[in-house]
Amino acid sequence: MIAALIAITVPGCGSAPSRPAPAKPGGYYLDDGPGPNPPANLDSVPEPTPKVEPINRFTSRPYTVLGRTYTPYTQLTPYQARGVASWYGKRYHGQKTSSGEVYDMYEMTAAHTILPLPSYARVTNVATGKSVVVRVNDRGPFHEDRLIDLSYIAAQRLGLLGRGSGMVEVEAIIPGNDASRVARAVPPEPDPAPASAAATLSTESGGIYVQLG
């Protein structure tokens, strides 16, 4: 199954921004930009609404690409990381992603090496503060200097198309988590030992104090 997984993660691995920026202004590496007839009103493409979805068990297994082993999360897990985002466009438009879904460069999606598939994340352009919500449904990018691969439209919203890549912060979203819209990658605090419901009265030299549980 690992071999099959690797085969379908090529889109994330070979994304356009893993190469140098185009030489001519307005161009895209390997002509990976939009096709001749992109959908109208791309600015109105909605961001996905996070919801709990069944996690694809086949994409939750450890796998190895280019000599590096990745161990994906098997459930929605607090996660926060900062790194470089790249993007991939029409060279992979219409091809299957690692989750088996068809990649659509005009949908707000992304590829990540270890986040559950599918899951949701908020991606923020560190330079501008602009952020978008994406649905993670693919694996990649498989480069040590890359954190996440964005769809064409997601990269456009974040202002990353011209440069090909940019520094972002990625935060996992756990639907239904009212305490925090975005989960953070820190170990959960241990639950405190249950305190007695009764008040404890104690006396010491110099006064009396009451400790309430």
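Preceding this section is the structure that the text describes.
Computed from a predicted structure; not experimentally measured.

Moving on: the pattern of salt bridges. This structure, assessed with the given rule, holds four salt bridges. Measuring nitrogen to oxygen at the nearest pair gives 2.7 Å for the salt bridge that ties Glu 101 to Arg 135. Of the two residues, Glu 101 sits in the loop between strand E3 (80–88) and strand E4 (109–111) while Arg 135 sits in strand E6 (residues 131–138), which places them 34 residues apart along the sequence. Its relative accessible area of 27% is what places Glu 101 among the partly exposed residues. Salt-bridge contacts for Asp 145 lead to Arg 146; the nearest nitrogen and oxygen are separated by 2.9 Å.

This brings us to the pairing of strand E5 (residues 119–125). Counting buried residues along E5, seven of its seven residues qualify, which places the element largely inside the surrounding structure. Taking every second residue as pointing to the same face, both faces of E5 are buried, with Ser 119, Ala 121, Val 123 and Asn 125 on one and Tyr 120, Arg 122 and Thr 124 on the other. The pairing of E5 with E6 spans six bridges and is antiparallel. Paired with Ser 119 across the strands is Val 136, a residue of E6. Taking the residues that link successive antiparallel strands as the turn, the E5-E6 hairpin has five residues, and the phi of Gly 129 there is positive, at about 85 degrees. Direction of pairing for E5 relative to strand E8 (residues 166–173): antiparallel, over a ladder of six bridges. Within E8, the position partnered with Ala 121 by the bridge is Ala 172.

With that settled, consider the packing of aromatic side chains. Per the counting criterion, the structure on display carries eight aromatic pairs. Ring geometry for Tyr 63 against Phe 142: centres 6.0 Å apart, planes inclined by 80 degrees, an arrangement best described as edge-to-face. Placement of Tyr 63 in strand E1 (residues 63–65) and of Phe 142 in the loop between E6 and strand E7 (148–151) is noted, with a sequence separation of 79 residues between them. Overall, Tyr 63 belongs to the buried group, its relative accessible area being 0%. With centroids separated by 6.0 Å and ring planes inclined at 85 degrees, the aromatic side chains of Tyr 106 and Tyr 152 adopt a geometry described as edge-to-face. With Tyr 106 in the loop between E3 and E4 and Tyr 152 in helix H3 (residues 152–157), this pair connects stretches of sequence that are 46 residues apart. Judged on exposure class, the residue Tyr 106 and its partner Tyr 152 are both buried. Put simply, the rings of Tyr 63, Tyr 70 and Phe 142 pair up and form one aromatic cluster.

Calculation notes
- Residues numbered from 1 in each chain as written.
- Predicted model: local features only at pLDDT ≥ 70, side-chain atom pairs only at ≥ 80, totals over all residues.
- Heavy atoms only, no water.
- Salt bridge = Lys/Arg side-chain N within 4 Å of Asp/Glu carboxyl O.
- Helix = DSSP H or I, 4+ residues; strand = E, 2+ residues; numbered from the N terminus.
- Buried < 20%, exposed > 50% of the residue type's maximum accessible area, 1.4 Å probe, protein only.
- Pairing = 2+ DSSP bridges.
- Phe/Tyr/Trp six-rings, centres within 6.5 Å; stacked < 30°, edge-to-face > 60°.

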